[in-house]
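Descriptive analysis of the structure
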Amino acid sequence: MVAVRAHAPLPRWLTRPAVDLELIIPAFNEQRRLPSTIAATREYLAARPWSSAVVVVDNNSVDGTLDALGRFGDSPVGLHVIGCSHQGKGAAVRRGIVTSSARYIGFADADNATPIETLDRVMELLRAGHGAVIASRHAPGAHLEIEQSVLRRGGGLLFRTLAHRTLPGIADTQCGFKFFSGPLIREVVRDCHIDGFAFDVEMLAHVVRAGRDIVEVPVDWSDVPGSTFSARRDGLRSMADLLRISLAR
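Attention in this report is confined to the structure presented alongside it. (Residues numbered from 1 in each chain as written. Predicted model: local features only at pLDDT ≥ 70, side-chain atom pairs only at ≥ 80, totals over all residues. Heavy atoms only, no water.)

**Details of the pattern of salt bridges**
- Summed over all chains, the structure comprises 10 salt bridges.
- As a salt-bridge pair, Asp172 and Arg137 come within 2.8 Å of each other at their nearest N and O atoms. Highlighted residues: Asp172 in the loop between helix H5 (150-163) and strand E7 (177-181) and Arg137 in the loop between strand E5 (132-136) and strand E6 (143-146), separated in sequence by 35 residues. Both residues of the pair, Asp172 and Arg137, belong to the buried class.
- Linking Glu187 and Arg190 is a salt bridge whose minimum nitrogen-to-oxygen distance equals 3.3 Å.
- A residue is classified by how much of its surface remains accessible, and Glu187, at 43% relative accessible area, is partly exposed.
- For Arg190, a relative accessible area of 32% gives the class partly exposed.
- Salt bridges here are not isolated pairs; linked through shared partners, they connect Glu30, Arg33 and Asp111. (Salt bridge = Lys/Arg side-chain N within 4 Å of Asp/Glu carboxyl O. Helix = DSSP H or I, 4+ residues; strand = E, 2+ residues; numbered from the N terminus. Buried < 20%, exposed > 50% of the residue type's maximum accessible area, 1.4 Å probe, protein only.)

**A closer look at the environment of Val217**
- For Val217, the position within the fold is in strand E8 (residues 214-218).
- Note: C-alpha distance between Val217 and Val133 (84 residues apart in sequence) is 7.1 Å.
- Not counting the four nearest positions on each side in its chain, Val217 is found in contact with Thr118, Arg121, Leu125, Val133, Ile134, Ala135 and Ser136. (Contact = heavy atoms within 4.5 Å.)

**Re the sheet that holds strand E4 (residues 104-108)**
- Reading across from one edge, E3-E2-E1-E4-E7-E5-E8 is the order of the 7 strands in this open sheet, with mixed pairing throughout. The open sheet has two free edges, formed respectively by strand E3 (78-83) and E8, since each of these has just one partner strand. Averaged over all adjacent pairs, the angle separating strand axes in this sheet is 20°, with direction ignored.
- Taken strand by strand, helix H3 (residues 89-98) contacts strand E1 (21-27), strand E2 (52-58), E3 and E4, and its axis lies near 150° from that of E1. (Pairing = 2+ DSSP bridges. Axes fitted to C-alpha atoms, helices over the stretch in contact; angles between N-to-C directions.)

**Regarding the nonpolar core**
- One finds Ile97, Phe180, Ile185, Met203 and Leu242 to be the most contacted residues of the largest nonpolar core, which totals 38 residues.
- Of all the secondary-structure elements, those providing two or more residues to this core are E2, H3, E4, E5, H5, helix H6 (182-188), helix H7 (199-209) and helix H8 (231-247).
- Here this core takes 6 residues from H7, the largest share from any one element. (Core = buried A, V, L, I, M, F, W, Y, C linked by side-chain atoms within 4.5 Å.)

**What to know about unusual backbone geometry**
- The phi angle at Asn29 is positive, at roughly 55°, despite the residue not being glycine.
- Summarising the element assignment, Asn29 is placed in the loop between E1 and helix H1 (34-46).
- By relative accessible area, Asn29 is classed as partly exposed at 28%.
- A positive phi angle, close to 65°, is found at Asn60, a residue other than glycine.
- Checked against the element boundaries, Asn60 lands in the loop between E2 and helix H2 (65-68).
- Judged by its relative accessible area of 33%, Asn60 falls in the partly exposed class.

**Quick look at the packing of aromatic side chains**
- Scanning all chains against the criterion turns up 4 aromatic pairs.
- One aromatic cluster is present, formed by Phe107, Phe180 and Phe199 through successive ring pairs.
- Here the basic side chain of Arg71 rests over the ring of Phe72, its NZ or CZ set 4.7 Å away from the ring centre.
- Between Arg137 and the ring centre of Trp221, over which it is positioned, the NZ or CZ distance is 5.0 Å. (Phe/Tyr/Trp six-rings, centres within 6.5 Å; stacked < 30°, edge-to-face > 60°. Lys NZ or Arg CZ within 6 Å of the ring centre and 35° of its normal.)

Below, the structure is given as C-alpha cells:
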C-alpha cells in the first residue's frame, strides 16, 4: 500500500481522467433503484456540451448492486465504479471527491428524487463562479411532488432548525443534490470527517469558512421509497454530529 500524506495530492494512478463534470452517486444496497438512475443520468449528460462522467461509490453493498452495473455499455459519458470500505454516506462521497480531477464535482442520490435536468441551472451558476450550488426543497419556488412520511417530515424540521445554527442562510441542507467548484471542494473535504447523514452540513460549513458562497436552486422533488436512512438508528447520530459541527465554528 502506498502511504499518502493527508494533505498531499493523490498519485495520478488513483485519480480518474479530468472532465468538466463528475457526478458521484454513493451506493449502499441499491440494486433496484440505481440502474434506472444511471441510465437516465447518462442519457441526459450525453446530450449536454460538457464532458462528464458518473462515478458510483459502492459502500460495502451486500446485494446485487455491483452486478446490476455490469449491463451498462459504451457511452460518451464514462461510468466508473469505485469502492469505499469506510461505512457511511459521507465517507463514500468524500472518496469520490478526493479521487476526482474534474473541474466541477457533485453528488446525487441513487433514487433520482431530484430531476437530473436541474443540472442545467446548476452548471450555469457554477460557470458564473459560485462556489457551491445545491438543490433545495424549501427555497421559494420549490415544489414537493411526493412528500415524505409525517415522521420523516418532523425529523427533518428538527434537523433544519439545528442546522440553521451553523448555516443560517440555507433553507435546505439535506437535499441530496449538491455541486461544487472542483478545486474548492477537494480542498474543503480535507477537513471533513463526519461519515453519517450530517456530512452535508459539515461540507457546506467549510465552504462558507473558505469564503465562498452557496446558491440554492428550488426543485420539484419526489420522495422515493427505499431510503437506507433510519430515524431510530441515524437520527440521534445526525443530531449529535450537528452539535459537533456547531461547536467547531
